[in-house]
Structure formats: structure tokens, C-alpha cells
Amino acid sequence: DMAGVELPERGPVDPAEDAAARERSVMLHAVHAAQEFFQAALLAPEGERARAYLAERGIGLELAQRYGIGFGGDGRGLMAELARRHVPPEVAEAVGLVLPSHHGDGFYERFRGRLVFPVFNLDGAPTAFSARRLPPDEDGPKYVNSPESPIYTKGAAVFGLVQARQAIRRMRSAVLVEGNFDLLALWEIGVRNVVAPMGTALTDGQAAMIARLASQVVLLYDGDKAGRSAAEKAVPILLEAGLRVKMVDLPDGED
């Protein structure tokens, strides 16, 4: 009353909304438990190959920790940890941590043996993962990503936005790169306002998220035909979101 603020009357709880909120809460708990497991696995003896790959790419453990990077483990530890944390298998499957086994009952771990990048929402909670194949492995796609779920929409997620948002807000400008390692390489040399579009073509939702913090975007895509094409396609999407756009034209072949 003193502040002149009208508070809405609290109505009866909608059972459907209540059930959806509970589902999201259980899913967030599952992804958070997996995130802690992946980070611990990176530092454990089993994560030696993943640590070596990060070092080869010039990424130190301090930066890896800042972005929550982890290791998928040997394919047995995550399910045991989820069971210990009271995460039902069907919830783990719904958020994409495990997949049904091709050989009878049970599940297998989606991100086993991979370098795992978490995707955070703007509250700083992990909601999904993108996992890279580690050399010398050649089986399977280079990146494996979480499916969409009630807590994760791929086209509305921007990798690195949580870590970069203070710098973006301060500078009113964001540097947009193509991939996770492009982002990490720039952070290592002091560029703090850098984000990436989760390995997909830029979407309207991603542009809108950036536009909440910035008035300008600098596109820094690879200096090849594919990179230039992706950058050109991103320009009208960013302009539609009300952003000024600059494009860095790297020399041919520069990543």
C-alpha cells in the first residue's frame, strides 16, 4: 500500500501448471546432477584424454571450469550417479542423458567418452549438453547434442551468454562466433563479450536473447565459403532483432 503496488489476488493452483512445474524441477535436478558428474570426471584419472585434448586446443582447466566443461566418463558411472541422486531412468531419458539400449532392456549413456559442454539458462542452471568426439575416435558424429525438452529449446539457447552477459551489457556489443572452441579461444586472449549459437544456424530466438543485452553484434565467422554464407544469413536475423551488425572478413581459410 505504501509503495502503491497492486498485488494480484492469488487464485487456486492449476493442476496442469503445477504438474508441469514439478516436471521441470525434476528435469533440472537430473541435468544438474549430470553436470556435477561430468565436471568431476574431467578431473579424475579417466578424464586424462579429455584434459590432454583441451590443453592441445590451448584451453586451461580454469577456463574449462568457468564454462562447466566436463567429460562423459566411461559409459557406466553416470547412470550409477543418477541412481544415487534419485533420478529415475525415464527422467534421464527425457532430458537426453541416456538412450534405450539396442540390446534388450536398459539404457546406455549418450555422452560417454566425449568432451561435454553444458548449456545454461539465464538463471545459470544447466539445461542441456553438447558433447564433442575426442581424437582419435572416429565413430559417430563430431558433436552429439541433447534433444529438446520442457527445460531446453535449442533455437533459444546461446552458448556462453551467462558467462558473457556482464561484458556484453557493459560494452553494449557482442561478438558472435560459430563454435564453442572459437569462443573459448577468444576468451583466453581477453575477449569477454563473446557468444556462439550452439552449432546451429542463428535463430530469431537467439538474436532476441542477445538483443536484450546488446545494441550491436560483431560477426566473426570462419574465413571460408561456409563461414561467409552463415554470416550473411545471420545479418537479416540480427537486423530484425534491432541490432546493428558488423562483419569481420577473415582471410581465406582462417578459422
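This report concerns the structure included in the present document. Residue indices follow the written sequence of each chain, beginning from 1 at its first position. For this predicted model, a pLDDT threshold of at least 70 governs which residues receive local features, and a threshold of 80 or more governs which side-chain atom pairs are given and counted, while totals over whole chains, interfaces and linings are taken from all residues. Only hydrogens and water are set aside; all other atoms, that is, all heavy atoms of the structure, feed into the side-chain values.

1. Observations concerning the pattern of salt bridges
And step 1. Only one rule defines a salt bridge in this text: a Lys or Arg side-chain nitrogen within 4 Å of an Asp or Glu carboxyl oxygen. Under the definition given, this model contains eight salt bridges.
And step 2. Between Arg 49 and Asp 137 there is a salt bridge; the shortest N-O distance is 3.3 Å. Separated by 88 residues along the polypeptide, Arg 49 in helix α2 (residues 48-56) and Asp 137 in the loop between β5 (126-133) and β6 (143-145) bring together distant segments of the chain.
And step 3. Each residue's exposure class comes from its accessible area (1.4 Å probe, protein chains only) as a fraction of the maximum for that residue type: buried when under 20%, exposed when over 50%, partly exposed otherwise. Its relative accessible area of 35% is what places Arg 49 among the partly exposed residues.
And step 4. On the basis of relative accessible area, Asp 137 is assigned to the partly exposed category, the value being 32%.
And step 5. As a salt-bridge pair, Arg 76 and Asp 74 come within 3.0 Å of each other at their nearest N and O atoms. A run of H or I in DSSP becomes a helix once it reaches four residues, and a run of E becomes a strand once it reaches two; helices and strands are each numbered from the N terminus.

2. Notes on the packing of helix α1 (residues 15-43) against helix α4 (residues 77-84)
And step 1. It is the contact of α1 with α4, at a shortest axis distance of 10 Å, that shows an interaxial angle of 130°. Here α4 runs oblique to α1, going by the angle between their axes. Classified by chirality, the crossing of α4 by α1 is right-handed. Two secondary-structure elements touch here, α1 through Ala 30, Ala 33, Ala 34, Phe 37 and Phe 38 and α4 through Gly 77, Leu 78, Glu 81 and Leu 82.
And step 2. When grouped by side-chain class, the residues that make up the contact of α1 with α4 number seven nonpolar, one polar and one charged. Convention adopted: a line fitted to C-alpha atoms gives each axis, helices being fitted over their contacting stretch, and angles between N-to-C directions are expressed from 0 to 180 degrees. Under this scheme an angle from 65 to 115 degrees is roughly perpendicular, one under 35 degrees roughly parallel, and one over 145 degrees roughly antiparallel; angles in between are oblique. Crossings are classed by handedness, with left-handed meaning an anticlockwise turn of the near helix from the far one by less than a right angle and right-handed meaning a clockwise turn. Only heavy atoms enter the contact rule, under which two residues are in contact if any of them lie within 4.5 Å. Note on residue classes: Ala, Val, Leu, Ile, Met, Phe, Trp, Tyr, Cys and Pro are nonpolar, Asp, Glu, Lys and Arg are charged, and everything else, Gly too, is polar.

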